[in-house]
Structures are given as C-alpha cells and as structure tokens.
Amino acid sequence: MSAKIDPITRSVVQHRLSSVVAEMGEAMLRTSYSQILNSSRDFSAAICDTHGRLIAQADHIPVHVGALPWATLAVEKRFKDVRPGDVILLNDPYHGGSHLPDLTAFVPIFHGEQRLYWTIVRAHQSDIGGATYGGYNPTATEIWQEGLRIPPIKLYEAGHLRDDLLDMLALNVRNARDFRGDLAAMVGSARLGERRLARLFAEFGVATVAVAIESMLDAAEQQTRAVVSTWKDGVFYGEALLDDDGRGRNDIRIVAKVTKYGSDIEVDLSESDPQTTSFVNSSHANTQAAVAMAFAYLIDADIPKNSGALRPLRVVTKPGTIVHAEDGMPVTLCTSHPSNEIVEAVVKALAASCPDRAMAGWGRRFRIAIQGENPRTGRKFIWHMFQARPGGGASPCGDGWSSIGEWHTVGGIKFGSIEVDEVRFPLHFRHHEFRADSGGDGQFRGGLGVSLDLVIETEKPATANTAGDGARHGPCGLFGGKDGAPHYYRLVSPGRPPRVLRTKEVGIEILPGDCLEIRSSGGGGWGPPAKRSPEARTRDRVQGLVTDTQAVEREQ
Amino acid sequence: MRLTIGIDVGGTFTDLVAVDQAGWTVFAKSLSTPADQSIGVMAGLDELARRLKLTRAEMLARTERLIHGTTVATNALLERKGAKVALLTTQGHRDVIEMREGLKSNRYDLRSPPPEPLIPRELRFGIRERLRPDGSVLTPLDNDSLTRAIAAIRAAGVTSVAVCYLHAYRNPAHEIATVERLTRELPGVYVSRSSDVLPQIKEYERVSTTIVNAYVGPAVRLYLGNLEQRLMEAGFKGSLFIILSHGGIAPVEEAARLAAGTVLSGPAGGISGSRRCAELLGVPDLIPFDMGGTSTDISLIAGGRASLSVDGGLVADQRIALRSLDIVSIAAGGGSIARVDAGGILHVGPESAGAVPGPACYGNGGTSPTVTDANVVLGYLDAAAFMGGRRPLNRTAAETAVDGVAASLGLSRVEAAAGIYRLVNLKMADGIRLMTLRRGVDPRKFTLLSFGGAAGLHVVEVARELEIKRIIVPTAASVLSAWGMLTSDLRYEVSQTYFGASPGIVADEVRDLFGKLEQKATSRLRAWFDGPISVERSAEMRYGAQVYEIDVPLDDINWQSSSLADEIENRFHDRHEELYTYALRGQEIVFVNARVAAVGVVPKSDQGRRLAFAETACVPVTTRRAFFGEWREVPVYALDALAPGHVLDGPAIIEAETTTVVIHSGDRLAVNDLGWLDIQVR
C-alpha cells in the first residue's frame, strides 16, 4: 500500500521516531515524582496515529505495548473537536484503559489544520483514590471501589489548563502533590515529543514522513511474517492457572487456542473461565496487550514494537470471561494477573510451533505492603516490597536469570538498596539470598527466586496487605522441564503459630520483632532433567543453588 | 631543556607527546603491545627520543614528569582476564553482585542467559557479623567463620580478596579487622576493602566497585611496577603519574590501590585535552567527539569544565560507582557493519569488523560492508594514500562489499554507500542528542571538537544533523589523549555518606564532615606534591522521594555562615532547576554523600603558541572524484600545508597522514592562529 520512498529516508525517519520516544521516556524518568515512576519505571512513551496505530514506542513496560492503540481509539471515538494545544486524559478500563492506576495523557500533533498523530505517555500512579492506598484492593467487588474512573477528558483546551478539573482529580487521590507533579511530567514529556515531531515535519515534509511511516509499519510486518512463517503450522492449545480469586474460587483457567497458518496467528482465549467478582479479571485492552507481549517475546527482540509487527496477530476474546470482564467489574490486578497467566498460556501453546524460541515460565507477582509507625522518627511509613524478585524461565539458550522478575516486568524493576531501606524504615533484612532448589529442573534450569527473612522493628503493631498470585502454581516448565517452586510467604511471630500468607489479604497484623519469611518463586526449567550436563549439575551443587540431589536422582 | 611526556596506550597504537618548557611539542606513535604494554611504551619512547634528536637515556634524564593513560584495567575487565577473586561479605547477603538490583538491559530478549559475575558463588563467603544502620554492632565479627573462609580461600588458590560488609561505610571496624587477618595470613594476596574503596551507602554499588577493584588490582599493580622499573633502569629520575577515570592524575601506588579508578584512564586523557582546547580557543562549551574504529566516545565540556558522571555507570557490564568523567560510548565507528534486515531496513552497527578482519577494504579477509568501505566508495578516503601510503586500501573489495547492501535495497552502489554514511552520522547525532539533552544541555549552542582517526570524515554531517554551527579540529587531533594528559592536575578524591543526628542538614555536622574530608584529602595529596593545592567540595543530594541524587558543587560557599544549611539547600534547588527545569522549594531534601577533591595544580607548558598568518594562498595538492549528492571533482588539500589565515570552501577534502577531514558544499573552513581547523557549518 505504501507509495515509493527511498530506503534511506525511511531508515532515517524510523531512527528519528525511536529517538523521539526514547527522549520522551528519559524526560519522564528524570522528572517524575513518585518512586513507581522514577525507580520502577512503570510508564511508557509512544506515538500513535489517528487510526490508533502504534508508530513507535520506547521500551519500558512490555505490558503497555499492545494497549495504547485501544486507548487512542477510545479518545478518537469520544472527541471529534480536537484542537491544537489540547491534552486528553483517560484511565478507565472500560474506555480504552487497562486498569485505573495507569493514567494516560495524549497530545494531538497537528500540521497546519490537519491532525495526524498523538504523542502519548502512560504512567502508573502511586495512588488513584478508591478504598485502599495504591489501587490494589483485594476486597473490591466492583470497579468503583478501586479508584477514580476517568473516561477521555480534556485536561487542556487549546493550551488552557482546566484547573477546576485538575483540582477535582487531585482531590480524589491520596497524595495530591505527587499526583500533580507526575501529571506535569507526563504532559511535559508528551509536549517534548510534539516539539521533536514538528522538527521532523519541517525537515522532511509531512507527506514524506507519512509515507515513511506506512513503509516502516509494512517493514515491521514483513520482518515479523518472515519469522513466523518459519514456525510450524497447526492449532495449538496452552493453559495456565491462576491460584484463586481471593474469594474461594480456585484454579481459574486461562485457555489459549492458537491457530498458526503461514505467517498469521490467531489467539482465541474464549474458552477461558468466566469472570470473577474480584480484581483478578482482565480488561479487554489489557488482554490484547498481554497477548501482544507474549508474541513480542517469541519473535526477534530487535523487531520494532509497532502496529505493523502486530498485524499478523489476531486476538479473540469472549465478554464475560476472566480475560474480558464486563463493564463495572473490578480489574486492578490485571496488568500482573492474569497477564502473567495469559502470556504463559500463549507461550505454552506456541512452544509446539516454535520450540527453539519458547521459554519456560517466568515468576508471578506477589506484592506485600507494610504500614506502621517508625519509632526512630515517630512518623507513619508505608513500605512496598520490591526485593525477593522471582526467577526467570529457562530457554533453549540456557539457564534462566535469577532474581529478575515476572513475565510482565522481565528485569525492568529495580529493587534498590537494602542499606537504604534499613536506614529509612524500621526493617532488618536478616537474609536476602538466592532460594536454593527453587528453579525448575531441566536440561536448562529455571532461574532462582530469593529467600528473604525480614524482621519488623517497630515498637507498635504494623499491618500488611498482599496482592498477587502464584503461591500454589509455579511458573511452568517446558519440554519436560519442571515447574519453578511457587511463592511461599510466612509470618513468623514469637508466641503465635507461624502462618502462611495468602496472596490476597488485607489487614495482616504484624507485631514488633515478627519475621516475614519470603520465599519467592523460581523460574520454570526447559528440557528433560536427564539431559542436564554433569558439569552444570556439579556447578549447581558447588554453588549451593541445588541441594536436593536425591530428588533429582529420583526423577531420573 | 626540561620535558614532560604524555603516553596514551590504545588498542592499536601507543601515542606519545613530549613538551618542553618553551611549549615545543613533539609527537610519536608506536604499535601497542597488549601482552605487556610497557614494551610498546619503551619502543615509543625510543621513537620520541629519535624525533627529539636525543638518546632515550638523555631524554628520560631530562623528563620531570611522565603521565600515562593505561588500558590494563579496562582490558582485564573487557576480556575477563583479571585475578581470581574471593568475596567476604555479611552472612546472608552473598548474592548482591549477582542480583544486579533485579535489572536486565534488553527487555525483549528473554532467551540470552544471564552474565557470569566476576566472582562465582562458591568463592563468595558469608561471614558472621552484622552492623545496624547507625553503625553499632548487632552481631560481633565471628573469628571462627573468618578462619574457615580464609582456609577455603587458601585452598582455592585465590590471588585477590574483596571485603564488603553491610553498613561498613558507617563503621569500618569489622572490615579493618578482617583485612588485618587477611594480610597476616595470606601474604601477597591483593586486598580490596569497601570502606576504603567507596565508603558510601548502597551495597550493590559498593560491593561491585570493591570487586572490580580486587579483580583488576593485581594486574594494574604488576604492570605499573614493571613500567616504573623499566623506566628507572632506562635513566628516568622524575615522577610517573597515572591518569584516572576522573581526569586527575595520581602516583603509581595510588593507582594500584584504587585500580578500579583507572578503567577510563584512556579516554580521560582525551577529555583533559578537550578542556585544554576550550581554554586555548576561548570557547567554553565544547562537545568532544572522538570517533575511532569500533566506537565513538562523546563527552561534554560546559563552561570550560568537564562534566563528571552522575551515577558511575557500567563498564564492561560491571557497576563502578567511583567518580568518573562522563563519557558516552556509542557502538558506531569506521568498522561498523552495514546490513539490511528482513523488512528491508538498512542498519549500521552495532556489530563491528574491529581491527581483525577489519573493513573489507583492509584486505584482511573481511567481506562485510563497513562505514570505512562506504567512505572509500564515496571517494572521501583515498585508497592509495591511507596511513600515508603505508597501508593502502583495496577499493575493489570495498565496492564488492557495498554492492551486497545495494542489491538488497535495490539501489546503486553509490546510493547505498551514501545511505550507510548518512545512517552512521545519524546514529552519532542521536548519541550526542541523548548525551546532551539528558543533562539538560542544548547541543546547538555547543561547538563540536573533532578528534580520533575517523571523526573528520563525518563531523560536518553530524554537526548539521544537530544544527551545530561550528567545528574545531585541533592539530593534535590524532594524539589528543596523550597531549591532554600533560595538562591534567593531580587529584585525590574522598567521599563519605552523611548521617545527621536528626533529619535534614545540620550546619555544624556538615561543616565538620567536610572539614575532616578536606584534611584527609589534602594530607594525602601533600605526600606526593609540594605545589599549591586547591580544594573542590560537592554534595550528592535529592528530594525525599526521588531516587536519583544530583551532584551539587559547593565551591565559593561561606562555610562559616550561620545560614550554611539554607545556603546548601538553595544550591541544590538551583541546580535541580538548572538540570530539570523545576525546583520543589519547601520540600524535604536528603543530603546523601559529601565529596571533597584535593587538586594539586601543575604548571602548564605554554602549548598555545600563536602562529603568524600565512602569506601564501592555500593551494590544493590534487583533485579527486567524490560523491556529494552527485559525482564531483573536488580539491584535496594537505593538512600540513595549511597555515593560519587560509580559508577554503566545501566541497573539499583535507588529508593528513592519520586523518581525513571532509567538508561539504556550503561549509567553510578557516585555519586559526593555533594552526587548527575552524569550520563553519552550513
């Protein structure tokens, strides 16, 4: 479909667009206020066109990749009167969003009268109102208990800030100062993108840029199809299980039926279990994004993540299932769960089609947040655990990474310094090392999770909340590899019997001197354990990564 | 005649520069000898003496100071050929180095296996001891667990030990006691102690830096010891200094102690040279642009000062949190390989043909099309005259290689070559853009300083891409690093994490902390140097909720002021505003680390001799067919024949033995009174 363009101009425009989104992302990292953005980097910067096609995106959070086109379409549907200087916001998962904490800002890009593109910044807010701090509310039964819902709205109209609207938004979140600061950073970063695009238009002319973009999308499609066409054709099934919904419903199934023919792939998730009454449901856009994320992991890492690369992929869902919740259902956990399980089901299905590319399962997210009073300062504190990262899955290329993260973060979250945490919080990290025997056995072993013994040194009782999954089902092994060990968290309290923590709890009482024994999951193993080389086994033993040698021998 | 000599050992060549007190400068080059760099250094000294018409012994006897940039530590790290190291650390925390804070760089590559840490887990020993965050002892150092670890270390044949305990930046007693036992019981083993190497909070940075130090330390100590020995035997009676990653110089014993501080010793000379160029030119804002065979180094001179790296960064995948010059390395250079992907998109790099086999035109068996091959096809490089004719290039091989890319793109040979040329320029421009904008600097207001073998071929196009209007090519462009070393001052840096008795900044505590650091730094420097010493102070600070500290210079502050705390806070707000466009006055500020540098100022020979203007016109030596949007017959000038006052317009090619400068139509080149090229970019 693309008109003729010389390949050099096309390459120049493509590289320039990636540097524009990279620069937007860099500005976000350096100027945002909240830790979830400037440390955990839970944001994305992108350019879409007015048809909702993703043109370029900075590599930040994989689970945002396929989600932004849906958000853009929702904005296009709502507003027919977009003007230069407008800034549009949205977060609602039933209006193109993924879950409420992810707020998205859009700046329209004009050339003269003509509106052509959007620069977009999506950022996870540290709080979005609702019943619990930070948006993760295991007790929510409907979305209104999860936070403030924002359909597409204009924050700026023709360059003028609607400050009454901003006041309303800021009033509904718990940390108005950070919220305002982060929002300013988002808008600033999207406008920086606008400025850079204007220069690109001036240099090449808007028509040439448009042709270059068409050609770029076609090229990414072509590259992807070249990869996919080497995979085996057929209909493949993959399944992954969520532990529970926190309300007594266990083993919730995600079922992926994948039809691969030629260079096309259809992922049909319709046979997945029905939706639940808790926050483990997924919104439609998030499910689309989770499947795109799985697909991105299987094709070549250097293919640009744009809509062209995703053209060979079609995703089918059925409203009312766990992967396509109906309007009003709670969904906050969805970017981690069931995203992790969706990815795993898709990768498992495609493992039969591209065995040399599929990797075993990566960890699940199991959050814990502690609130209490710091006896050294007399002030309240809230601490979120990012330590004890789970292990990554093994692949045909080798063992998995240890202490690296979940399917949806894959090494993108920095857990920071234990010394700094001990200075700032009444916490003692007695032990924080690899968790031996947690990686799934196999020709290539899964990465290890982490053992953390954390002593709480408050003088008054503190409370903890959890949100996550993966305490019953470990990341899957592949081709005979074993599953990684699931998460196992315990509260050990002198004078009280030790108690195993569930993944979806609120109001856990922690007494001074209590110890949280966190054992995070290892990654899945790849290939039959019998094929693991004796040298690798010896090294695992010498390094103390595997101690349970008898179990291995029994398997063989 | 008294001499100062600068020596820069690079991957291929060892560059030497000698300057006498009158500012007379002589250059020499010898081939590097990677197995023992001191052999190439001695050969280079022979060549330098020959050019000075002296014997080596005569030359060395007259040499007061010899300043050396070494890549021994860098190579040990890159090639993973350092010492066999063990780690002693707090029990329960052996894996900090392998966890890497949970980060992984390529997000979409889920198949590449994890990197091997410098110390395998079986050589990381947990020692029973524990400090609280305030430095008090929670668990005393357990001698039995130390005894067991020492026995295991001895049995494993380890030659170097890193010691890093949690919170040792606050109280080094356990580490010191451990090191005492190690030195006593394992004589000859190199020991690196975290509270000595980097007494700062954040265990990943500290342990990683301490380990790198232990890993490269023995090799650096051995090499520098050998070199000093050889020089003394050859008649050298002056002082040997090593240039460190932060751009200052230090004696051999100090470089061997803090060996991790020498990993950027090589490029540091280039930055010192750039800073000196800024002084001589009276142009305070420069972007040094050093393009070589496999990579391009970019740094920043702003207001006449070289910027230091904010967070240390990674070298060879290892975190080294010592203060170092801020250098961004882009994987693009003359050897970068061009390829067309399955989608028909042209890419240049990051793969490089390196020195072996090298670009196709080198005729060493390389067949992949490289940037250098494109330059040959375009007529910018003269195949016959390369390296002064000592190493002619194979033009046919370059054409064949580029034809491959042309065929995949459906373009002509020259169109493909022009595409490769354009893309690599774009890549370098992108690197400069991110390097400058990330630091809040607008590159358009800067002058590009072009040096290194390949820079001249690309610099005008890179500048045009960035809307930079002016480029300088100094005479010493091909040996700028060695030349720059001669202009470096002595420098000793200390830092310490600040712990207030209460939150915020307490003036007396901060005054006291800086006082102690200053005392430590100046007394150490005094032992090497009897000239004037100046002191630089700075603080690493951030807003309460932030994670990135910024370095706030505290020079010219009134330390006796009763409002010292406010003044320091204001400096921080101002600096933050300057860097990131806003300040949050009224918000809580955290003062993390205090830093002090003692600087021993060495006298600079006058290298800025102004030359008389030429009375003759500049005349091209020949013309050549080259591609500037179309094939044109363009004039070729000999760099050596250009003199101050000469002006010429592009398109034109300026050639010297080791470098070529290409200017395009509309660009104007003038030779300034230093004899340097000053290019106005269209």
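Residues numbered from 1 in each chain as written. Chains lettered and ligands numbered in written order. Predicted model: local features only at pLDDT ≥ 70, side-chain atom pairs only at ≥ 80, totals over all residues.

A. View of unusual backbone geometry. In this chain, B:G349 is followed by B:P350 through a cis amide linkage whose omega measures 0°. Going from B:G650 to B:P651, the amide bond is cis rather than trans, its omega being 0°. When you line up the elements, B:P651 lands in the loop between β30 (647–649) and β31 (652–655). Positive phi is not limited to glycine here, since A:A158 has a value of about 45°. By secondary structure assignment, the location of A:A158 is in the loop between β6 (153–157) and β7 (160–161). The exposed category is assigned to A:A158, around which 10 C-beta atoms lie within 10 Å. Phi angles above zero are rare outside glycine, and A:D437 is one such case at about 65°. Relative to the elements of secondary structure, A:D437 occurs in the loop between β14 (427–434) and β15 (450–456). Exposure remark for A:D437: the 19 C-beta atoms within 10 Å place this residue in the partly exposed category. (Helix = DSSP H or I, 4+ residues; strand = E, 2+ residues; numbered from the N terminus. Buried ≥ 20, exposed ≤ 12 C-beta atoms within 10 Å, placed from the backbone.)

B. Inspection of the pairing of strand β9 (residues 250–261) of chain A at higher detail. Residues and elements named next belong to chain A. Pairing geometry for strand β8 (residues 234–244) and β9, over ten bridges, is antiparallel. Bridge pairing in β9 links G238 to A256. Where β8 hands over to β9, the hairpin turn is made up of five residues, of which G246 adopts a positive phi near 80°. Pairing of β9 with strand β10 (residues 264–268) involves five bridges; the strand directions are antiparallel. (Pairing = 2+ DSSP bridges.)

C. The interface of chain B and chain A, seen in detail. If you look at the interface, chain B gives 51 residues, while chain A gives 59 residues. Contributions of two or more residues to the side of chain B that touches chain A are made by α4 (96–99), α8 (203–233) and α13 (413–437) of chain B. With eight residues, the single largest contributor to the side of chain B that touches chain A is α13(B). The residue makeup of the side of chain B that touches chain A, split by class, is 24 nonpolar, ten polar and 17 charged. (Contact = placed C-beta atoms within 7 Å. Nonpolar A, V, L, I, M, F, W, Y, C, P; charged D, E, K, R; others polar.)

D. Summary view of helix α1 (residues 37–52) of chain B. Residues and elements named next belong to chain B. Over its 16 residues, α1 runs 23 Å from end to end, which matches the ideal 22 Å to within 8%, given 1.5 Å per residue. Among all positions in α1, only Q37, S38, G40, V41, G44, L45, L48 and A49 are buried. Taken from the residues just after α1, K53 is the one with a positive phi, measuring 60°. (Expected span 1.5 Å × (residues − 1).)

E. A look at the sheet that holds β7(A). All names here are of chain A. Spatial strand order, β2-β1-β5-β4-β3-β6-β7: seven strands in an open sheet with antiparallel pairing. Each edge of the open sheet carries a strand with a single partner, namely β2 (54–57) and β7. Pairing between strand β3 (residues 87–90) and β6: three bridges, direction antiparallel. The partner of I88 across the bridge, within β6, is K154. Contacts between helix α5 (residues 176–204) and the sheet are confined to β1 (43–49), β3, β4 (102–111) and β5 (114–124), with β5 contributing the most and set at about 145° to the helix. (Axes fitted to C-alpha atoms, helices over the stretch in contact; angles between N-to-C directions.)

F. Region of the structure containing the domain arrangement of chain B. Residue and element names in this part refer to chain B. According to the domain assignment, chain B contains domain 1 (78–222), domain 2 (336–425) and domain 3 (490–600). Placing a centre on the C-alpha atoms of domain 1 and another on those of domain 3 gives a separation of 28 Å. Domain 1 puts five residues into the contact, and the matching count from domain 3 is five residues. (Domains from an automatic or database assignment.)

G. Region of interest: the environment of A:S98. With respect to the element layout, A:S98 can be found in the loop between β3 and β4. Once residues lying within four places of it in the same chain are set aside, the contact partners of A:S98 are A:A67, A:P93, A:S283, A:A285, A:N286, A:A289, A:C334 and A:T335.

H. Layout of the packing of α1(B) against α8(B). Residue and element names in this part refer to chain B. Look at α1 against α8: their axes get within 9 Å of each other, and the N-to-C directions meet at 30°. Taken together, the axes of α1 and α8 are roughly parallel relative to one another. Two packed elements cross with a definite hand, and for α1 against α8 that hand is right-handed. Residues Q37, S38, V41 and M42 of α1 form the contact with α8, whose own contacting residues are Y223, N226, L227 and R230. (Parallel < 35°, antiparallel > 145°, perpendicular 65-115°, else oblique. Left-handed = near helix turned anticlockwise from the far one by under 90°.)

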